[in-house]
Amino acid sequence: MTLIYAILIFTHLIGISQSKLQVGFYGQTCPNVETIVSGVVSEAAASNQNIAPVLLRLHFHDCFVQGCDGSILIENGETAERHAFGHQGVGGFEVIEKAKVEVEAVCPGLVSCADIVALAARDAILLANGPSYDVETGRRDGVVSDLSLAENMPDVEDSIQQLKAKFLEKGLSDKDLVLLSAAHTIGTTACFFMTKRLYNFSPNGGSDPSINPNFLPELKATCPQNGNVNVRLAMDRGSGEAFDRQILQNIRSGFAVLQSDANLYRDETTKRVVDSYFGILSPFLGTSFEADFANAMVKMGRIGVLTGSQGTIRRVCASF
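Reading the values: rules and limits
Residues numbered from 1 in each chain as written. Predicted model: local features only at pLDDT ≥ 70, side-chain atom pairs only at ≥ 80, totals over all residues. Heavy atoms only, no water. pLDDT = per-residue confidence, 0-100. Contact = heavy atoms within 4.5 Å. Helix = DSSP H or I, 4+ residues; strand = E, 2+ residues; numbered from the N terminus. Expected span 1.5 Å × (residues − 1). Salt bridge = Lys/Arg side-chain N within 4 Å of Asp/Glu carboxyl O. Buried < 20%, exposed > 50% of the residue type's maximum accessible area, 1.4 Å probe, protein only. Disulfide = S-S within 2.5 Å. Domains from an automatic or database assignment. Buried area = accessible area lost by both parts, 1.4 Å probe. Polar contact = N/O pair within 3.5 Å; in protein donor to acceptor, adjacent residues only side chain to side chain. Nonpolar A, V, L, I, M, F, W, Y, C, P; charged D, E, K, R; others polar. UniProt positions renumbered as here; feature names shortened; annotations may be inferred.

**A word on the confidence of the model for the protein chain**
Residues at a pLDDT of 70 or more form 92% of the protein chain, whose mean pLDDT is 92. The low-confidence segment residues 1-18 (pLDDT under 50) makes five contacts with residues lying over four places distant or belonging to another chain.

The following block contains the structure:
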């Protein structure tokens, strides 16, 4: 009996260490977790109309450094990951922490901060009239936070080759690159990220020639040379508050705000992906932009996850 008992225990532990993400992971242990997170996100949105893109960006930045492990939330001094140059402007930490406090009150020590980030991003997309999708949960939290690990984040000034390589390294396809870049359909950026594109574009200086001539004066008026680099503008011209495919139409027409978005139309592979959502038969054949975006978000949420006996469950998201 002792041997059999030992085998059963060992088998159980192996099962834990090999467990994977699944929809409804907390169905038995914390069935109200999604309702709690959704409530906190809705409350935050009521007082901050920009919270949807903020929470979406937080999930992206978390997943692209060490995987979706909640490490970006940790605050352990000046060397913490969240202070990396590549994470400039990332926010939403207080929303995740509030959700964590409420979840801990009913399900102590059970739900990871990483899962709360993923759930909050989905809820934020939905608030912006984007697609709803099932979030796989079961992530555990990382215990390493180092700003040097965020040095290779995708950047607005990256070439299309650099962007494709960085996404491929995370197991994401060129199509995923286009779809996840289309998250820029909501939210704003700062003139700081526009300066080189408008006034010192490589290799010959001046403005990026891919900018539509009718759009260039508008951009320069908002972000004048030597002006306030903290002024913000919508990343999706004409539709910055609604989740839709307008961002892709802007990319096709030379109205992309960010250089990295414009670069998607400089490569044949990513150009075909962009164009695929505007064909005559595209509404009737294949999946929609919204469905494809949802699938890309689920795929991104699997990057480098810790599950089973890996990592930990942090009781406070900002600390170990």
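**As for the side chain of His 87**
Mapped onto the elements, His 87 comes out in the loop between helix H3 (51-63) and helix H4 (93-106). Aside from chain neighbours lying at most four places away, what touches His 87 is His 61, Val 65, Ile 72, Glu 81, Arg 82, Ala 150 and Met 153.

**A short note on helix H13 (residues 289-300)**
Over its 12 residues, H13 runs 16 Å from end to end, which matches the ideal 16 Å to within 8%, given 1.5 Å per residue. Among the structural elements, H3, helix H5 (113-127), strand S2 (136-137), helix H7 (174-181) and helix H10 (246-253) are those in contact with the buried residues of H13.

**Re the pattern of salt bridges**
Side chains that differ in charge, positive against negative, can pair when their charged atoms come close. This model, assessed by the stated rule, comprises 19 salt bridges. Across the pair Glu 43 and Lys 98 runs a salt bridge whose closest N-O atoms are separated by 3.5 Å. Here Glu 43 is found in helix H2 (residues 33-47), whereas its partner Lys 98 is found in helix H4, with 55 residues between them in sequence. With a relative accessible area of 47%, Glu 43 lands in the partly exposed category. Lys 98 gets classed as partly exposed once you look at its relative accessible area, which sits at 35%. Between Asp 115 and Arg 139 there is a salt bridge, and its shortest N-O distance comes to 2.7 Å.

**A word on the state of the cysteines**
Applying the stated criterion across every chain yields a total of four disulfides. Cys 113 shares a disulfide with Cys 317; S-S distance 2.2 Å. Between Cys 113 and Cys 317 the sulfur-sulfur dihedral comes to about -100°; the bridge is accordingly left-handed. Taken together, the residues span a long stretch of sequence, with Cys 113 in helix H5 and Cys 317 in the segment after H13 at a distance of 204 residues.

**Considering the domain arrangement of the protein chain**
Accessible area lost upon the coming together of the parts is a frequently used measure of interface size. Entries for the protein chain in the domain assignment read domain 1 (25-152) and domain 2 (160-299). Taking only C-alpha atoms, the centre of domain 1 and the centre of domain 2 are 24 Å apart. In total, domain 1 and domain 2 occlude about 1,600 Å² of area from one another, counting both sides; carbon and sulfur atoms represent 71% of this. On inspection of domain 1 and its partner domain 2, the count reaches zero salt bridges. Linking domain 1 to domain 2 there are two residue pairs in polar contact (both at pLDDT 80 or more). Elements represented by at least two residues in the side of domain 1 that touches domain 2 include exactly H3 and H5. Here the element with the most residues in the side of domain 1 that touches domain 2 is H3; it accounts for five residues. Split into classes, the residues belonging to the side of domain 1 that touches domain 2 amount to 11 nonpolar, seven polar and two charged.

**Thoughts on the UniProt feature "site: Transition state stabilizer" (unreviewed entry) in the protein chain**
The sites that carry the UniProt feature "site: Transition state stabilizer" (unreviewed entry) are, in the present numbering, Arg 57. Mapped onto the fold, Arg 57 is located in helix H3. Excluding residues that lie within four positions of it along the chain, Arg 57 makes contacts with Gln 88, Gly 89 and Val 90.

**Overview of the environment of Lys 98**
On a C-alpha basis, the gap between Lys 98 and Tyr 133 in space is 23 Å, while along the polypeptide they are 35 residues apart. Within the local environment of Lys 98, its side chain forms a polar contact with the side chain of Glu 102, the two groups lying 2.7 Å apart.

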